[in-house]
Amino acid sequence: MLAGKTVLLIIGGGIAAYKSLDLIRRLKERGARVRVVMTEAAQKFVTPLAAGALSHEPVFTELFDRAAEQDIGHIRLAREADLVIVAPATADRMARMVAGIADDLAGAVLLAARVPVLVAPAMNPAMWTHPATARNVAVLTGDGVAFVGPKAGAMAERGEEGIGRMAEPTEIAAAAEALLAAGSALAGRHVLVTSGPTHEPIDPVRYIANRSSGKQGHAIAAAAAAAGARVTLVCGPVNLPDPAGVAVRRVETAREMLAAVEAALPADAAIFAAAVADWRVASQAGQKLKKDGNAIPPLMLTENPDILAGIARRGAGRPRLVIGFAAETQNVIEHATAKLARKGCDWIVANDVSQESGIAGGVMGGDRNEVHLVSAAGVEHWPAASKAEVGHRLIARIAEALAPQEN
Ligand code: CTP
């Protein structure tokens, strides 16, 4: 998939830059042409001479280099690439990307690029877990930037461990391959995603809700858009920015979500990541319920439509791929397998949302997820990763499933 493609590799300033030299070789092994941009800080760790010798191309370092600008220029560097990889991506580089700062060649190229961007962060765990970095990752994910890593392990700082190591070159090359493959399979396809909770009103000021943040569903929509699909995201009330390049339909209740999903069809793939309330209040009070003496108002519930099951059981107009989510607190695989049959969908993405899941801070509302992909073909375990990574991996699998079969 990388054969004949041009990869623009931006090497940032971090000790992991030495691994980026190996990444050049791994990308070239897969048939890619590799053009390298190095930041000033990167050159403190590895030399342009080494990167040039491995890529067999001149290495670009200056925004205002007369010879390079006449010859190629930052706009052409961005335009002539099929994919941009930033490895290692420092906390500072990600913050600059969020702000659109273009005061060096790497920044200018990233701002001009209209192709998929894959970021491989590398930094100290304290910097990775800082709220500022977490915010920046969320914004970049929403902008459709793909992430690979960082991984857990030993740091360059003696005795330090945690999440912050750059992904290995082979992993980055594989992620690059998957990103481009998804791009060619999903171009022109319509992907429908539901995300977030629903709010079911009790009276004009109160409602029934759940703890879904919408982060996983939004990350899936962002990944699908980054891969070139036309994406509709139907989402309940969430505190998240709209992912770039995605048509967003905001709803409140399960019934509104169903109507928006039906209006968005037809779709090639539909991913139901929303935590839809199973029940709503049978008769919503028109006025605010008051504390009348001692009488506590009873809440009579009635069932909401099951959006996933309804779409999965459609004859005509059923998306080719219908994917449900299962949030379970026990017997995850057993329940997910039963849910696959009960809902009539093709795949279930199952996660353990119990506090014992091992994911610090919990899955619901958190930034990481560990899932099992359950289908007729069996059960696949995906190790804990950021919700952005899970989104890209799922989109890569959907692209594979939708790709025309080669005979
Ligand atoms: N779902 C939906 N509409 C509903 C309820 C759920 O589309 N009214 C979808 C969710 O988006 C998710 C999957 O169904 O993809 C989750 O199912 P879940 O709510 O867990 O199913 P239940 O049948 O309620 O199973 P359980 O009672 O075991 O939680």
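Quick notes on the rules
Residue numbers here run from 1 along each chain, matching the order of that chain's written sequence. Local features in a predicted model are, by the rule used here, given only for residues with pLDDT of at least 70; side-chain atom pairs are given and counted only at 80 or more, and totals for whole chains, interfaces and linings are based on all residues. Side-chain descriptors were evaluated using all non-hydrogen atoms of the structure, hydrogens and water having been removed beforehand. Here a residue counts as near a molecule or strand whenever at least one of its heavy atoms sits within 4 Å of it. Pairing of N or O atoms within 3.5 Å defines a polar contact, subject to two protein rules: one partner must be a possible hydrogen donor and the other a possible acceptor, and residues neighboring in sequence count only if both atoms are side-chain atoms. Here, Shrake-Rupley sampling with a 1.4 Å probe gives the accessible areas, and only protein chains in the shown set may cover a residue. In this text, helices come from DSSP runs of H or I with a minimum length of four residues, and strands from runs of E with a minimum of two, each type numbered from the N-terminal end. What makes two residues a contact is simply this: any of their non-hydrogen atoms within 4.5 Å. Axis definition: a line fit to C-alpha positions, over the contact stretch in the case of helices; interaxial angles, taken between N-to-C directions, run 0 to 180 degrees. The labels follow the angle: roughly parallel below 35 degrees, roughly antiparallel above 145, roughly perpendicular from 65 to 115, and oblique for the rest. Working rule for handedness: look at the near helix, and if it is turned counterclockwise from the far one by less than a right angle, call the crossing left-handed; if clockwise, right-handed. Note that domain bounds follow an automatic or database assignment of domains. Buried area: the accessible surface (1.4 Å probe) lost by two parts on joining, summed over both. The salt bridge criterion pairs a side-chain nitrogen of Lys or Arg with a carboxyl oxygen of Asp or Glu, the two atoms within 4 Å. Helix span is expected to be 1.5 Å times the residue number reduced by one. Relative accessibility decides the category of a residue: with a 1.4 Å probe and only protein chains considered, values under 20% of the type maximum give buried, values over 50% give exposed, and everything between is partly exposed. It is the directions from the helix axis to the C-beta atoms whose arc is reported.

Residues in close proximity to the ligand total 13 residues, the closest being Phe272, Ala274, Pro305, Phe325 and Lys339. Residue aspartate 278 places a side-chain N or O atom 3.2 Å away from an oxygen atom belonging to the ligand. At 2.8 Å from an oxygen atom of the ligand is found a main-chain nitrogen or oxygen belonging to leucine 308. When the free accessible area of the ligand is taken as 580 Å², the share hidden by the protein chains comes to 77%.

Turning to the environment of isoleucine 15, a few remarks are in order. Mapped onto the elements, isoleucine 15 comes out in the loop between strand S1 (6–11) and helix H1 (17–29). For the pair isoleucine 15 and alanine 277, spaced 262 residues apart in sequence, the C-alpha separation works out to 47 Å. With near-sequence residues (within four places) excluded, isoleucine 15 lies in contact with Phe45 and Ala156.

Each pair of packed helices can be described by the angle between their axes along with the distance between the axes. Contact geometry of helix H5 (residues 91–99) with helix H8 (residues 131–142) gives a least axis separation of 9 Å together with a crossing angle of 50 degrees. Between H5 and H8, the angle is such that the two are oblique. Classified by chirality, the crossing of H8 by H5 is left-handed. Across the interface between the two elements, Ala91, Met94, Ala95, Met97 and Val98 from H5 touch Thr133, Asn136, Val137, Val139 and Leu140 from H8.

When its domains are assigned, the protein chain resolves into domain 1 (6–184) and domain 2 (186–402). Between the C-alpha centres of domain 1 and domain 2 the distance comes to 32 Å. Broken down residue by residue, the surface that domain 1 buries against domain 2 is led by Thr141, Gly142 and Ala182, which jointly contribute 32%. Counting across the domain 1 and domain 2 interface gives zero salt bridges. The tally of links from domain 1 across to domain 2 stands at three residue pairs in polar contact (both at pLDDT 80 or more). Looking at the side of domain 1 that touches domain 2, the elements with two or more residues in it are H8, strand S5 (146–147) and helix H9 (169–186).

For helix H13 (residues 332–343), which comprises twelve residues, the first-to-last C-alpha distance of 16 Å matches the rise-based estimate of 16 Å (1.5 Å per residue) to within 8%. Listing the buried residues of H13 in full gives Val332, Ala336, Lys339, Leu340 and Lys343. Along the axis of H13, the buried positions cluster into a sector of 105 degrees, meaning they face one direction only. Facing away from the buried side of H13 by over 90 degrees, the exposed positions are Glu334, Ala341 and Arg342. The inward-facing, buried residues of H13 contact helix H12 (307–312), strand S16 (321–328), strand S17 (347–352) and strand S18 (368–375). Glycine 344, located one to two residues past H13, shows a positive phi value of around 75 degrees.

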